[in-house]
Amino acid sequence: MNNTELPNHKARDLRHWLAHLEASGRLAVIREGVPLRHTLAAIAKRLDGRQAAFFPRPDGHDIPVVSGFVARRAWIAEAMGVEQADLLGAFRRAVDHPLPWREVDAAGAPCQQVVHDFGGPSPGDLHALLPIPTHSEHDNGPYITAGLVIARNPVTGVQNVSINRIQVHGPDRMAILMLPRHLLAFYKAAEEQGQALDVAVVIGADPLTLLASQAITPIDFDELEIAGALHGAPLPVVKCRTSEIRVPANAEIVIEGKLLPKVREPEGPFGEFPKYYSARENREVIAVGAVTHRRQPIFHTIVPAEMEHLLLGSIPREATMLAHLQRSFPNVLDVHLSVGGVGRYHLFVKFRKQREGEPRNVILGAFGAHYDIKQVTIVDEDVDVHDPQQVEWAVATRFQADRDLIVIAGAQGSALDPSTTIGQMPDGEVAPPHLQGISAKMGLDATKPVAYHGHIFTKVAIPGEREIDLDREIVRGATIDWNDAAVRP
């Protein structure tokens, strides 16, 4: 089923979306008892982009696991209720016109139907309570990979939502990777005062709330308000049991805890989105205070470096980058973060060129849009940036390295890119933060000249090819008698 068949379908919550996928043949129910260590992730990876995978009783655990339910771009557009062509525009409109959330009490919040107090007389155990998978071969144990981490700015009280990898390395302790973004800024502000930072880890959110969490916004911008705009109504939230944090009321599971000041514990290695492992390092630690969930919850896991992981990160970035570029370059028509560039590093830009030199300015503007961007390719409006084969054709026929290549050395890049070798230290030492992620940037101008002779850069086309209706032209059920080459009905 493609997106055009259900253009007005919109995911209300996770269960509503999973039921829709099941009804349309896009959810596979896996046998009971699949091991949580490697096997569950292996099955989900084999189905990646074709079907979501639902695992009942993994390793005999009462809570089922689901993975891969937003593993195609068309599915995400469908969950938003728009055509694929309007995906970035619809997301950007939600960012520009957020809806404040609507608070409900605990009685009206499915995510608090069951409460486990980890601070009570009987200590809690996350490993026993939740079916947390171990994904890749060299991962250092079970990881929560689809948890929305929600925290409040300790100065302003405004929330931030992000997805961070979280290693569950104790019954009530979790190590978390925080890159230099808003959550880390909140934590540092609290740590400087010697205070813990309250956090909530939400597992089992609906597709639109997951997508909203990845929006690139200024600090003190609550992404749950973007989720409300995507839904077309204020998102119902509920106050956590142990803090002032508000979480999506219809979520499946919420882990409440505190990021401890001045505490670091080993985390990693872990297979990340570049399809390599990040190193074992000392990371910040969450001490768990409570877990709440629906009466029969569903645990969501994202298989790292596969399509669900890449698309949730790339689509919000594309929307932000398109808006950023169009402010200075109105002739930018579309952008795409390629899957081959792990949805982060390689940006394709469709541009209506009017003057020579313009593509170089667009390239420089794109590098300023996000530090992760490592390679920018500018193509003409006759090239589909969502088709890597077309982009490669443009590079092959419209690009010359001695005149159309821009290289910028020594810029900030992604700390998770293993090729940023300046951050590597001898004897396995970890580089200090100011040396991590130093990267070269490359821009390719794969546009044709504004003026050229004859048809040298005219794209080959056959008149009427786009209007052909093959259903009318092909005779279904016909056979050929090869003795006389005659067609038999």
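As the structure is a computational prediction, the values presented were derived from the model and not from experiment.

What counts and how
Residues numbered from 1 in each chain as written. Predicted model: local features only at pLDDT ≥ 70, side-chain atom pairs only at ≥ 80, totals over all residues. Heavy atoms only, no water. Phe/Tyr/Trp six-rings, centres within 6.5 Å; stacked < 30°, edge-to-face > 60°. Helix = DSSP H or I, 4+ residues; strand = E, 2+ residues; numbered from the N terminus. Buried < 20%, exposed > 50% of the residue type's maximum accessible area, 1.4 Å probe, protein only. Salt bridge = Lys/Arg side-chain N within 4 Å of Asp/Glu carboxyl O. UniProt positions renumbered as here; feature names shortened; annotations may be inferred. Contact = heavy atoms within 4.5 Å. Pairing = 2+ DSSP bridges. Axes fitted to C-alpha atoms, helices over the stretch in contact; angles between N-to-C directions. 1 Å grid on protein atoms, 1.4 Å probe; cavity = no way out; pocket = protein on both sides within 12 Å on 5 of 7 lines; lining within 4 Å. Points joined across faces, edges and corners; volume = space filled by probe spheres on them. Nonpolar A, V, L, I, M, F, W, Y, C, P; charged D, E, K, R; others polar. Domains from an automatic or database assignment. Polar contact = N/O pair within 3.5 Å; in protein donor to acceptor, adjacent residues only side chain to side chain. Disulfide = S-S within 2.5 Å.

Let us look at the packing of aromatic side chains. Per the counting criterion, the structure on display carries three aromatic pairs. Residues Tyr143 and Phe270 carry aromatic rings whose centres are separated by 4.2 Å and whose planes lie at 35 degrees to one another, so their mutual orientation is tilted. Of this pair, Tyr143 sits in strand β6 (residues 143-144) while Phe270 sits in strand β15 (residues 270-271), and the two are 127 residues apart along the sequence. The exposure class of Tyr143 is buried, given its relative accessible area of 0%. Here Phe270 falls in the buried class, since its relative accessible area comes to 2%. When the ring of Tyr452 is compared with that of Phe457, the centres are 5.5 Å apart and the planes differ by 75 degrees; the resulting orientation is edge-to-face.

The final tally for this structure, using the stated rule, is 32 salt bridges. Measuring nitrogen to oxygen at the nearest pair gives 2.7 Å for the salt bridge that ties Asp86 to Arg93. Assessed through its relative accessible area of 43%, Arg93 is described here as partly exposed. The salt bridge partner of Arg165 is Glu267, with a shortest N-O separation of 2.7 Å. Placement of the pair is Arg165 in the loop between β8 (159-163) and β9 (166-168) and Glu267 in strand β14 (residues 253-267), with a sequence separation of 102 residues. Assessed through its relative accessible area of 0%, Glu267 is described here as buried.

It is worth spelling out the UniProt feature "domain: 3-octaprenyl-4-hydroxybenzoate carboxy-lyase-like N-terminal" (unreviewed entry) in the protein chain at this point. As recorded in UniProt, the feature "domain: 3-octaprenyl-4-hydroxybenzoate carboxy-lyase-like N-terminal" (unreviewed entry) lies at residues 18-88. The span residues 18-88 is 34% helical and 14% strand by assignment, and the distance between its end C-alpha atoms comes to 23 Å.

Another aspect to go through is the environment of Ala409. By secondary structure assignment, the location of Ala409 is in strand β22 (residues 405-412). Judged by its relative accessible area of 66%, Ala409 falls in the exposed class. Residues Ala409 and Ile438, spaced 29 residues apart in sequence, show a C-alpha to C-alpha distance of 8.6 Å. In this structure, Ala409 is in contact with Ser439 and Ala440, ignoring residues within four places of it in sequence.

Among the eight residues in helix α3 (residues 73-80), eight count as buried, and that is most of the element. Within the sequence span of α3, burial applies to Arg73, Ala74, Trp75, Ile76, Ala77, Glu78, Ala79 and Met80. Gly81, located one to two residues past α3, shows a positive phi value of around 80 degrees.

Attention now moves to the sheet that holds strand β23 (residues 438-446). Across the sheet, which stays open at both edges, the five strands sit in the order β19-β20-β21-β23-β22 with mixed pairing between neighbours. Edge positions in the sheet fall to β19 (332-337) and β22, since each of these pairs with one other strand and no more. Pairwise comparison of adjacent strand axes, ignoring direction, gives a mean angle of 15 degrees for this sheet. Two elements, strand β21 (residues 375-379) and β23, share five bridges in a ladder whose sense is parallel. Bridge pairing in β23 places Val379 opposite Ala446. The sheet strands contacting helix α11 (residues 388-398) are β20 (346-351), β21 and β23, and the helix crosses β23 at an angle near 75 degrees.

Taken as a whole, the second largest pocket spans an internal volume of roughly 470 Å³. Forming the boundary of the second largest pocket are 24 residues, of which Arg73, Ala74, Gln84, His336 and His386 lie nearest the centre. Those elements that place two or more of their residues in the lining of the second largest pocket are α3, α4 (87-96), α9 (307-328) and β19. Per element, the largest residue contribution to the lining of the second largest pocket is six residues, and it comes from α9. Residues belonging to the lining of the second largest pocket are distributed by class as follows: 13 nonpolar, seven polar and four charged. When residues of the lining of the second largest pocket are sorted by domain, at least three fall in each of domain 1 (85-294) and domain 2 (329-445).

Right, let's talk about the side chain of Asn153 for a bit. Structurally, the position occupied by Asn153 is in the loop between β7 (147-152) and β8. Classification of Asn153 as buried rests on a relative accessible area of 11%. Here Val155 takes part through its backbone nitrogen, which lies 2.9 Å from a polar atom of the side chain of Asn153. Side chain to side chain, Asn153 and Thr156 meet in a polar contact 3.4 Å long.

Turning our eyes to something else, we now look at the sheet that holds strand β4 (residues 102-103). The three strands are arranged β4-β12-β13 in an open sheet whose pairing can be described as mixed. Here the strands that pair on one side only, and so sit at the sheet edges, are β4 and β13 (246-248).

Time to look at the state of the cysteines. Summed over all chains, the structure comprises zero disulfides. The structure places no disulfide on Cys111, whose sulfur is separated from the nearest cysteine sulfur, that of Cys240, by 7.7 Å. For Cys111, a relative accessible area of 0% translates into the label buried. Taking the relative accessible area as the measure of exposure, Cys240 reaches 2% and is therefore buried.

What follows concerns the domain arrangement of the protein chain. Per the domain assignment, the segments making up the protein chain are domain 1 (85-294) and domain 2 (329-445). Centre-to-centre separation of domain 1 and domain 2, based on C-alpha positions: 30 Å. In this complex, domain 1 contributes 12 residues to the contact, which on the side of domain 2 involves 13 residues. Our count for the domain 1 to domain 2 interface comes out at one salt bridge. Notably, a salt bridge pairs Asp372 with Arg181, separated by 3.9 Å at the nearest N-O pair. Where domain 1 touches domain 2, the interface holds one residue pair in polar contact (both at pLDDT 80 or more). The residue inventory of the side of domain 1 that touches domain 2, partitioned by class, reads seven nonpolar, one polar and four charged.

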